[in-house]
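Each chain, written out:
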Amino acid sequence: MSELMRAIGLMSGTSMDGIDVAMLATDGENDVERGPFLAVSYDPAFRERLKQGLEDAKTIRVRTERPGILADLQRELTLRHAAAVERFLELNGLSAADIDILGFHGQTVLHRPDDALTVQIGDGPLLATETGIDVVYDMRANDMVHGGQGAPLVPAYHAALAQGLKNAAWPVCFVNIGGISNLTFLGRDGAIIAFDSGPGNTLIDQWVETHAGVPYDQGGMIASEGRVVASLAERYLDNPFFTAEKRRSLDRNDFLPPEGDEAELSDGARTLAYLTAAAILKSAGHLPEMPKTFIICGGGRHNRIIMADLRELASHHGSAVLSAEDAGFDGDAMEAEAWAYLAARSLKGLPLTFPGTTGARQPVSGGVVARTRK
Ligand SMILES: Nc1ncnc2c1ncn2[C@@H]1O[C@H](COP(=O)(O)OP(=O)(O)OP(=O)(O)O)[C@@H](O)[C@H]1O
Ligand SMILES: CC(=O)N[C@H]1[C@@H]2OC[C@@H](O2)[C@@H](O)[C@@H]1O[C@H](C)C(=O)O
């Protein structure tokens, strides 16, 4: 058994709800011991700044450009990550010297795989200086250099976790319902296929924020009072994304929320919850075979309507739907854990992505290391 690294992963996802912090002891290969997790929420004012950042990023043509507020925002975001690490260490009775590496995702502000352009703001060297811990950051870029979509990157971690699964029927499919949803198919023969599967929570979040002034539909309560507007759901599901020959990763703005007059509040939330579930099943139609078990991670699994729709749609294929917890994992921590795992892999020069996950021409490593001045 090779030596385990203590790695902390930091994820600020497309939902822009906060920073997830998770720790692993891992060799970056098959050995994974899951540690503590902390979620640090962004305040509404900072979420608004992130949204402005996404707007300002639209003019970026070269990935190092930081127009508008982006240079300032990058610094603020990085300092918030440093504070989150400090809090995490304090809560768990740890110090910087106990940690080998931080895996820093940053915030995606632009993702245009067709132009081989992906931009995550986040200053790795500043985070290393502030925390006193070495940092691996910018993990998506090298994949694009090698012909990949730059996302999803979590599949390598899903594959490692799947080895510990007990009593799940294979093939297994991990589904992350974050802002955008993505899935990882794992075949009995070791096959690994992954792609973004459609809108996750972003449309629901934007819809209920605009029409009810709340950041998300807690538990799917608003949706539970509505009915699916079939024409609206069909309009989304007719998007060429679902039938394109090549699987393509998504930018947060690839799908936009309905116009205000297309549904009333609860029908809109109900329709978008259905869309989230139906998009996953429709995308799964591109897999070599229908998974026998879907394992659901990410914030969307807290929406009971999404989960009920998923169970219903999957049952037509004889597939079971489990929450990450049913399978023995932590569905809120998984992406941050993945960034810890990927950082450990990056340090060892192991591949982060594969032809079957991002479409990269060959398995490729990635990430940039920022060393502390210790
Ligand atoms: N209790 C809840 N009920 C309903 N929805 C919830 C609940 N908690 C979280 N969510 C949804 O989950 C979202 C956050 O999910 P998550 O943290 O997995 O996304 P992310 O990591 O930001 O996105 P991505 O995986 O696309 O990068 C919230 O924006 C909200 O829509
Ligand atoms: C460009 C980018 O940040 N993509 C995210 C986004 O959020 C979900 C989905 O779209 C996924 O492709 C990816 O994140 C996860 C963590 C991944 O790379 O596996």
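Whatever comes next refers back to the structure up there.
Residues numbered from 1 in each chain as written. Chains lettered and ligands numbered in written order. Predicted model: local features only at pLDDT ≥ 70, side-chain atom pairs only at ≥ 80, totals over all residues. Heavy atoms only, no water.

**With respect to the site of ligand 1**
Here is step 1 of the chain: Residues in close proximity to ligand 1 total 21 residues, the closest being Thr14, Gly179, Asp205, Gly219 and Glu335.
Here is step 2 of the chain: Between ligand 1 and the protein, one listed contact pairs an oxygen atom with a backbone N or O atom of Ser15 at 2.9 Å.
Here is step 3 of the chain: Here Gly219 contributes a backbone N or O atom positioned 2.8 Å from a nitrogen atom of ligand 1.
Here is step 4 of the chain: Protein chains bury 87% of the 660 Å² of accessible surface belonging to ligand 1 in isolation. (Near = heavy atom within 4 Å. Polar contact = N/O pair within 3.5 Å; in protein donor to acceptor, adjacent residues only side chain to side chain. Areas by Shrake-Rupley, 256 points an atom, 1.4 Å probe, with all protein chains shown as cover.)

**Description of the pairing of strand β11 (residues 293-297)**
Here is step 1 of the chain: β11 sits mainly inside the fold: 5 of its 5 residues count as buried.
Here is step 2 of the chain: Covered by surrounding structure in β11 are Thr293, Ile295 and Cys297 together with Phe294 and Ile296, the residues of both alternating faces.
Here is step 3 of the chain: Alignment of strand β8 (residues 172-177) against β11, held across 5 bridges, turns out to be parallel. Paired with Val172 across the strands is Thr293, a residue of β11.
Here is step 4 of the chain: Two elements, β11 and strand β12 (residues 320-323), share 4 bridges in a ladder whose sense is parallel. Looking at β12, one finds that Ile296 is bridged to Ser323.
Here is step 5 of the chain: The parallel pair β11 and β12, bridged by helix α10 (residues 304-315), forms a crossover whose chirality is right-handed. (Buried < 20%, exposed > 50% of the residue type's maximum accessible area, 1.4 Å probe, protein only. Helix = DSSP H or I, 4+ residues; strand = E, 2+ residues; numbered from the N terminus. Pairing = 2+ DSSP bridges. Right-handed = clockwise from strand over helix to strand, strands pointing away.)

**Observations concerning the sheet that holds strand β9 (residues 180-186)**
Here is step 1 of the chain: Read across the sheet, 5 strands follow the order β10-β9-β8-β11-β12 without closing on themselves; strand pairing throughout is mixed. Both outer strands of the open sheet, β10 (192-199) and β12, are each paired with one neighbouring strand and no more. Geometrically, the sheet is characterised by an average inter-axis angle of 20° between neighbouring strands, direction not taken into account.
Here is step 2 of the chain: Direction of pairing for β9 relative to β10: antiparallel, over a ladder of 7 bridges. By the bridge assignment, Ser181 is partnered in β10 with Gly198.
Here is step 3 of the chain: Taken strand by strand, α10 contacts β8, β11 and β12, and its axis lies near 155° from that of β12. (Axes fitted to C-alpha atoms, helices over the stretch in contact; angles between N-to-C directions. Contact = heavy atoms within 4.5 Å.)

**So, unusual backbone geometry**
Here is step 1 of the chain: A cis amide bond, omega -10°, links Ala151 with the succeeding residue Pro152.
Here is step 2 of the chain: Within the secondary structure, Pro152 sits in the loop between α4 (141-145) and α5 (155-162).
Here is step 3 of the chain: Here Trp170 and Pro171 are connected by a cis peptide whose omega angle stands at 0°.
Here is step 4 of the chain: Positionally, Pro171 belongs in the loop between α5 and β8.
Here is step 5 of the chain: Backbone geometry places Ala116, a non-glycine residue, at a positive phi of 50°.
Here is step 6 of the chain: On the secondary structure map, Ala116 appears in the loop between β5 (107-112) and β6 (117-121).
Here is step 7 of the chain: Although it is not a glycine, Asn167 sits at a positive phi angle of roughly 65°.
Here is step 8 of the chain: The class for Asn167 is exposed, based on a relative accessible area of 84%.

**Section: the nonpolar core**
Here is step 1 of the chain: Counting 42 residues, the largest nonpolar core has Val175, Phe294, Ile296 and Leu310 as its most contacted members.
Here is step 2 of the chain: Mapped onto this core, the elements with two or more residues apiece are β8, β9, α6 (202-212), α7 (221-224), α8 (230-237), α9 (265-284), β11 and α10.
Here is step 3 of the chain: By residue number, the principal contributor to this core is α9, which donates 10 residues.
Here is step 4 of the chain: Among residues more than four places away in sequence, those in contact with Ile296 are Val175, Ile177, Arg301, Met307, Leu310, Val321, Leu322, Ser323 and Ala324.
Here is step 5 of the chain: The next biggest cluster of nonpolar side chains, apart from the first, holds 38 residues, and it includes Ile19, Leu38, Phe104 and Leu117. (Core = buried A, V, L, I, M, F, W, Y, C linked by side-chain atoms within 4.5 Å.)

**Considering the packing of helix α2 (residues 70-91) against helix α3 (residues 124-131)**
Here is step 1 of the chain: Contact geometry of α2 with α3 gives a least axis separation of 9 Å together with a crossing angle of 35°. The element α2 and its partner α3 pack so that their crossing is right-handed. Residues Arg75, Thr78, Leu79, His81, Ala82 and Val85 of α2 form the contact with α3, whose own contacting residues are Leu126, Leu127, Glu130 and Thr131.
Here is step 2 of the chain: Among the residues making up the contact of α2 with α3, the classes are represented as 5 nonpolar, 3 polar and 2 charged. (Left-handed = near helix turned anticlockwise from the far one by under 90°. Nonpolar A, V, L, I, M, F, W, Y, C, P; charged D, E, K, R; others polar.)

**Topic: empty space enclosed by the protein**
Here is step 1 of the chain: The final tally for this structure, using the stated rule, is 2 cavities of 30 Å³ or more.
Here is step 2 of the chain: When its volume is computed, the largest cavity comes out at roughly 80 Å³.
Here is step 3 of the chain: If you trace the largest cavity, you find it lined by Ser15, Met16, Arg47, Lys51, Thr202, Asp205, Gln206, Glu209 and Arg252.
Here is step 4 of the chain: Those elements giving two or more residues to the lining of the largest cavity turn out to be α1 (44-57) and α6.
Here is step 5 of the chain: A total of 4 residues in the lining of the largest cavity trace back to one element, the largest contributor, which is α6.
Here is step 6 of the chain: Classifying every residue of the lining of the largest cavity gives 1 nonpolar, 3 polar and 5 charged.
Here is step 7 of the chain: Approximately 40 Å³ is the volume found for the second largest cavity.
Here is step 8 of the chain: Every residue along the wall of the second largest cavity is listed here: Gly179, Ile180, Pro199, Thr202, Leu250, Asp251, Arg252 and Phe255.
Here is step 9 of the chain: For the lining of the second largest cavity, the residue count by class is 4 nonpolar, 2 polar and 2 charged. (1 Å grid on protein atoms, 1.4 Å probe; cavity = no way out; pocket = protein on both sides within 12 Å on 5 of 7 lines; lining within 4 Å. Points joined across faces, edges and corners; volume = space filled by probe spheres on them.)

Nothing here speaks to function; it is geometry throughout.
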